[in-house]
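Remarks on the overall topology
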Amino acid sequence: LMYELVEEYITNVDEIMNLVHKHEVEGKFTARGLGSTEKHATKYGESHFSSLFEKDMSRELVETVWKTVPVQERKWVSQIVINKYVPGDWLIKHQDSAGGYWQFKLVFLTEGKPHFKYWNKEGEEVLLQEVKGAMFKMPIETWHEVTKIEPNEEPKYSLCLIWE
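The present account deals with the structure reproduced in this document. As the structure is a prediction and not an experimental result, all values here were calculated from the model. (Residues numbered from 1 in each chain as written. Predicted model: local features only at pLDDT ≥ 70, side-chain atom pairs only at ≥ 80, totals over all residues. Heavy atoms only, no water.)

**Section: the side chain of Glu153**
Mapping Glu153 onto the fold places it in the loop between strand S12 (143–146) and strand S13 (156–163). Lys113 provides the closest opposite charge to the buried, unpaired Glu153, separated from it by 4.0 Å. A polar contact of 2.8 Å, which involves the side chain of Glu153, links it to the side chain of His115. A distance of 2.8 Å separates a polar side-chain atom of Glu153 from the backbone nitrogen of Glu150. (Helix = DSSP H or I, 4+ residues; strand = E, 2+ residues; numbered from the N terminus. Buried < 20%, exposed > 50% of the residue type's maximum accessible area, 1.4 Å probe, protein only. Lys, Arg positive; Asp, Glu negative; His and termini not counted. Salt bridge = Lys/Arg side-chain N within 4 Å of Asp/Glu carboxyl O. Polar contact = N/O pair within 3.5 Å; in protein donor to acceptor, adjacent residues only side chain to side chain.)

**Observations concerning the pattern of salt bridges**
As enumerated under the stated definition, the model contains eleven salt bridges in all. A salt bridge links Lys137 to Glu4; its shortest N-O distance comes to 3.6 Å. Here Lys137, found in strand S11 (residues 135–137), pairs with Glu4, found in strand S1 (residues 4–6); they are 133 residues apart in sequence, far enough to count as distant. Its relative accessible area of 26% is what places Glu4 among the partly exposed residues. The partner of Glu15 in a salt bridge is Lys67, and the shortest N-O contact between them spans 2.6 Å. Of the two residues, Glu15 is situated in helix H1 (residues 13–25) and Lys67 in helix H2 (residues 59–67); the sequence distance between them amounts to 52 residues. Salt bridges sharing partners connect three or more residues here, namely Lys117, Glu125 and Glu145.

Structure follows, in C-alpha cells:
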C-alpha cells in the first residue's frame, strides 16, 4: 500500500505525552514560522507551529519514545522531532523530500477533528482521521499539510521520525 495508517505503531503515547508536557513547562519547544529563526516555508507560504527537537529532549523522553517503536525501525533514524499545533497554528502544504530526507514517518500523538491532509498520486485531497499512536506511511514526495487549528480545539501533537 502506498498510503497506509498503521494503528498501534507505538503503544505508550500517554507516557510520552506526560514527559512532553514537562518539556513544555520548561520552555523547550521552539517556535517555527512567522518571525522565528527555525522557519518552515515553501512556495505556498509560511507555517506557524512549534517543535521539540531531539537536542532539547531529556534522555528519559528519547528513551520513552523508542520504547515501543518497532525494533527494525530504530536503525538509521537521524532524528526525532515532536511538533505541536495550538489554535491558530498550521503547517503549509509541503513535501518532506524537500528537506533532503529519504524517509519520514509521522506518528499521531493526539486525535480529534482531522487536520492532516495529503494529496494522492491522482492529485486528490484526502483528509485523514488521526488516530493516537498510529503511524501514517506515505511516499516521501507526497504533498501534505496541517490545516489551521480552530480556536476551541485542543492542541495537536505528532512525532516525526526522520532518516536523513
